Amino acid sequence: MALKELLSNDEHKWNLLFGIFYVLLVFILSGFVWLVDEKYPTSISVFDFILISLATFRLVRLFVYDSVTTFIKEYFASATRGPGRTMHHLLGCPWCFGMWAGLFVVFFYFVMPMAWLVLLILAISGVGTFIQILMNMIGWRAELLKLEAKSRE
């Protein structure tokens, strides 16, 4: 597909623009990290990696799946084209939104020492969410086995 054909589709055009904006944001935020520490971080501890990962996981769940942020998703749901439609798709895709959430979590981790507390709270919430999902899966499996046993009787 030629670039001209790709850009003739409004949705593809906005997806491309959001992608370019994301890459620019990576460079801008990286530059800001450099200005704060006058060096780029080259490593983090395993604990901090897990903390960042769990905080990102929780932000993704919060914006993509949780009902408390439904009003944000509904704001963009009526958009049929343009940046609003792209935002609607972004907020509905855990992989897509995870890239954006990860960028901001890492940025705040390196730039703002007080962000560590917020990231810790998000990470603990992420562990709680994961445990709840796991318990639901175990419960659903137990119910399924119980129904299968009853149907064999």
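Everything numeric in this text was worked out from a predicted model, so none of it was measured.

Examining helix 7 (residues 115-152)
Helical geometry: 3.6 residues make up each α-helical turn, so side chains three or four residues apart lie on a common side. With 38 residues, helix 7 should cover 56 Å at 1.5 Å per step; its first-to-last C-alpha distance of 55 Å lies within 8% of that length. In this structure, the buried side of helix 7 is in contact with helix 3 (46-65) and helix 6 (94-111).

Details of the packing of helix 4 (residues 70-77) against helix 5 (residues 82-91)
Geometry of a packed helix pair, given as the angle between the helix axes and the separation of the axes. Relative to each other, helix 4 and helix 5 sit at 140°, their axes nearing to 8 Å. Crossing of helix 4 over helix 5 shows left-handed handedness. Contact residues: Ile72, Lys73, Phe76 and Ala77 in helix 4; Gly84, Arg85, Met87, His88 and Leu91 in helix 5. Here the contact of helix 4 with helix 5 is composed, by residue class, of five nonpolar, two polar and two charged.

Thoughts on the side chain of aspartate 48
Here aspartate 48 is to be found in helix 3. It turns out aspartate 48 is buried and unbridged, and the closest side chain with the opposite charge, lysine 39, is 12 Å from it. Aside from chain neighbours lying at most four places away, what touches aspartate 48 is Tyr109 and Trp116.

Quick notes on the rules
Residues numbered from 1 in each chain as written. Predicted model: local features only at pLDDT ≥ 70, side-chain atom pairs only at ≥ 80, totals over all residues. Heavy atoms only, no water. Helix = DSSP H or I, 4+ residues; strand = E, 2+ residues; numbered from the N terminus. Expected span 1.5 Å × (residues − 1). Contact = heavy atoms within 4.5 Å. Axes fitted to C-alpha atoms, helices over the stretch in contact; angles between N-to-C directions. Left-handed = near helix turned anticlockwise from the far one by under 90°. Nonpolar A, V, L, I, M, F, W, Y, C, P; charged D, E, K, R; others polar. Buried < 20%, exposed > 50% of the residue type's maximum accessible area, 1.4 Å probe, protein only. Lys, Arg positive; Asp, Glu negative; His and termini not counted. Salt bridge = Lys/Arg side-chain N within 4 Å of Asp/Glu carboxyl O.

Spatial relationships are all this shows, so hold off on functional conclusions.
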